[in-house]
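Commentary on secondary and tertiary structure
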Amino acid sequence: MRQELEPLFTPFTCGSLTTANRFVMSPMTRNFSPDGVPVPGAADYYARRAHMGLVITEGVGPDHPGALGDGTTGGPALPVLYGDAALASWKSIVDAVHAAGGKIAPQLWHMGPIRLAGTGPHPGAPSISPSGIWGPLDKTMVPPDYLEAVKVPGIPASDAEIADIIAGFARSAAQAHELGFDAIALHGAHGYLLDSFLWGETNQRSDQWGGDRLRRTRLARDVIRAVRRAIPADKPIIFRFSQWKLQDYGARLAETPEELSMITSALADAGVDIFDVSTRNFDAPAFDGSDMGLSGWVRKLTGKPVMTVGGIGFDKDLQSSFMEPTAPIDNLGEVARRFGAGEFDLVAIGRAALMDADWIGKVRREEAFKPFDMSAYGRLD
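In this report, we go over the structure that sits alongside the text. (Residues numbered from 1 in each chain as written. Predicted model: local features only at pLDDT ≥ 70, side-chain atom pairs only at ≥ 80, totals over all residues. Heavy atoms only, no water.)

Some points on the overall build of the protein chain
Within the protein chain, the regular secondary structure consists of twelve helices and twelve strands. Expected size for 381 residues packed as a compact globule is a radius of gyration near 21 Å; at 19 Å, the protein chain falls within 12% of this value. Expressed along its principal axes, the backbone C-alpha trace of the protein chain runs to roughly 55 × 50 × 45 Å. Across the 381 residues of the protein chain, 59% fall into the buried class. The contacts in the protein chain between residues at least 6 apart in sequence include a share of 75% that link residues at least 24 apart. (Helix = DSSP H or I, 4+ residues; strand = E, 2+ residues; numbered from the N terminus. Rg over C-alpha atoms; globule rule 2.2 N^0.38 Å. Buried < 20%, exposed > 50% of the residue type's maximum accessible area, 1.4 Å probe, protein only. Contact = heavy atoms within 4.5 Å.)

Observations regarding helix α4 (residues 159-179)
If you check α4, its first and last C-alpha atoms are 31 Å apart, about what 21 residues at 1.5 Å a residue would give, namely 30 Å. Considering only its buried residues, α4 is in contact with α2 (84-99), β5 (104-108), β6 (128-129), β8 (184-187), α5 (193-198) and α6 (218-230). Two residues or fewer past α4, G180 is found with a positive phi of approximately 100 degrees. (Expected span 1.5 Å × (residues − 1).)

Some points on the packing of helix α7 (residues 257-270) against helix α8 (residues 294-302)
Following both chains from N to C, one finds α7 and α8 inclined at 65 degrees, their axes separated by 9 Å at the closest point. You can see that α7 and α8 cross each other, and the crossing is right-handed. Of the residues in α8, those in contact with P257, L260, S261, T264, S265 and A268 of α7 are L294, W297, V298, L301 and T302. In terms of residue class, the contact of α7 with α8 is built from seven nonpolar, four polar and no charged. (Axes fitted to C-alpha atoms, helices over the stretch in contact; angles between N-to-C directions. Left-handed = near helix turned anticlockwise from the far one by under 90°. Nonpolar A, V, L, I, M, F, W, Y, C, P; charged D, E, K, R; others polar.)

Here's the deal with empty space enclosed by the protein
Enumeration according to the criterion identifies one cavity of 30 Å³ or more in this entry. Estimates place the volume of the largest cavity at around 30 Å³. Class assignment for the residues of the lining of the largest cavity results in six nonpolar, one polar and two charged. (1 Å grid on protein atoms, 1.4 Å probe; cavity = no way out; pocket = protein on both sides within 12 Å on 5 of 7 lines; lining within 4 Å. Points joined across faces, edges and corners; volume = space filled by probe spheres on them.)

In structure tokens:
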């Protein structure tokens, strides 16, 4: 193994979670859960990747009827974390990952305004949004067949509906703890429900759930606090955060470090232990005047551990790869440099881990960065 990469193979500890190395399997939608129940092969799929420090599952619906449905990255076979059949399947997955020596966390994912009305496990449930608007829509990046469907992005959430959503997150987090998951991950990025309340373009409310940047963190903070009450105090809460949205890849929650601090510090104070900072390219400068990426800024401003994700191992970011040919590249030297500079604590790997379960082993053996079988996107290998 290259000497510069050795620090990435050291243990990491946060609360009750200790990982064998700094690599994390990033959550990736698989659509192999008919009726919300992961298929039996899912246990082997996750166990084969247990040599990574932490496996974060694909997005899993919390116990709220409008959480999941069709969308830009969703589909008809998304998993949930409630109900006897789904919980039994997740228990087998957790046990398989632990038996293989790994750690695992579910990513609780409420799609909010991204969910198409009339789809999902509960098609009669309304899709929920802060203000009933989608915000600016980048028509070059959203699938054409989706544009007509999103003209009505969902109903503005009432106080009672918001209370139900918060309670649903807490119930599923408690169930996850009982199943033996090692941490709880919350999807607070990419324009989904929690992020749609953070973003001023979609949250134009003037009540306690909207207003300025700090007031727009209210729903996310209340969900974080409810999850914290539902699980042991030392079990880490991971929060996925992004500037970009599925509606607008150029979107920004914060234009300056000061604005970023207002948001992320509030989330950290509410109980976030680890920030999962999603960017299209991990090394893209976040603000003018510095080459530091968004992960580095979040770590600097909050003092919390951070994982970085975006474009690691590939010459194009995920979204661009859907439209243009992409190829594997070795950019782990830059990952190691920024890790050594203190920009982040964990490195989340998406496409590479999906298409090659032994990618981390190949990094150790200096055999990685060869062409991948791109058809693995459609398989549960």
